[in-house]
Amino acid sequence: RPGDCLLVVGAGDVERVVMLSPDKDLAQLVSGRRVVGYDRRKGAFIDEEGVWEKFGVAPTSIPDYLALVGDTSDNIPGVPKVGAKTAAKWLNEYGSVDEIIANADKIKGKVGESLRASLEQLKLSRELTVIRTDVELDESADGLTPVDPDVPALRDLYAHFELRALLK
């Protein structure tokens, strides 16, 4: 996306990845001090503790969290009536979407009904929110070099998909 990027900062053998993006699903990649986010509005780095403060769950639980609350930017519907506090409470109590599903009959009230009505969608949403980090790549990072963009090809592509903002 325009405006999103990963910045790899090398220091000897240690590399630090800083994610510059408002995209919530990238919070699942935060790991120790090696992979952190950066909040441009606050001018602050977001480490594991920052993810806990912002979402109420660990970085590894972000896919489950987003599957429950939804993510409109990625067309993830979430479970109706489940907001941030409920999602964090359930994940801290049950540990994962799989365990929430296994215990869905124990969750009472309208929100429990909503959960039970959304179980199949919830499984798919969970799968769609996971960022795969185990994909084999044909190139190493060292083999990637920037090239000048093919502006006519990009213009045709943007026009085809009606990406007006990018056409400008």
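Residues numbered from 1 in each chain as written. Predicted model: local features only at pLDDT ≥ 70, side-chain atom pairs only at ≥ 80, totals over all residues. Heavy atoms only, no water.

Engineer: Sorry if this is basic, but what is going on with the side chain of Ser-125 here?
Structural biologist: Position of Ser-125 among the secondary structure elements: in helix α6 (residues 119–129). The exposure class assigned to Ser-125 is buried, which follows from its relative accessible area of 1%. The residues touching Ser-125, leaving out its near neighbours within four places in the chain, are Ala-67, Ile-76 and Pro-77. (Helix = DSSP H or I, 4+ residues; strand = E, 2+ residues; numbered from the N terminus. Buried < 20%, exposed > 50% of the residue type's maximum accessible area, 1.4 Å probe, protein only. Contact = heavy atoms within 4.5 Å.)

Engineer: How do you make sense of the packing of helix α2 (residues 62–69) against helix α3 (residues 84–94) when you look at a structure like this?
Structural biologist: Packed helix pairs are characterised by how far apart their axes lie and by the angle those axes make with each other. It is at 9 Å that the axes of α2 and α3 come closest, and there the two elements cross at 135 degrees. In terms of axis orientation, α2 runs oblique to α3. Note that α2 runs across α3; the crossing there is right-handed. Listed contacts from α3 to Asp-64, Tyr-65, Leu-68 and Val-69 of α2 are Ala-84, Ala-87, Ala-88, Trp-90 and Leu-91. Among the residues making up the contact of α2 with α3, the classes are represented as eight nonpolar, no polar and one charged. (Axes fitted to C-alpha atoms, helices over the stretch in contact; angles between N-to-C directions. Parallel < 35°, antiparallel > 145°, perpendicular 65-115°, else oblique. Left-handed = near helix turned anticlockwise from the far one by under 90°. Nonpolar A, V, L, I, M, F, W, Y, C, P; charged D, E, K, R; others polar.)

Engineer: Looking at this structure, I do not really get helix α1 (residues 48–55). What am I missing?
Structural biologist: Given 3.6 residues to a turn, an α-helix orients residues that are three or four positions apart in the same direction. Among all positions in α1, only Gly-50, Val-51 and Phe-55 are buried. Taken down its axis, α1 places every buried residue within 110 degrees of arc, on the same side. Opposite its buried face, α1 presents the exposed residues Glu-49 and Glu-53, each directed more than 90 degrees away. Contact partners of the buried residues in α1: β4 (44–46), α2 and α3. The backbone nitrogen of Glu-49 has a side-chain oxygen 3.2 Å away, supplied by the residue at the start of α1, namely Asp-47. Directly after α1, the chain includes Gly-56, whose backbone phi takes a positive value near 80 degrees. (Arc of directions from axis to C-beta. Polar contact = N/O pair within 3.5 Å; in protein donor to acceptor, adjacent residues only side chain to side chain.)

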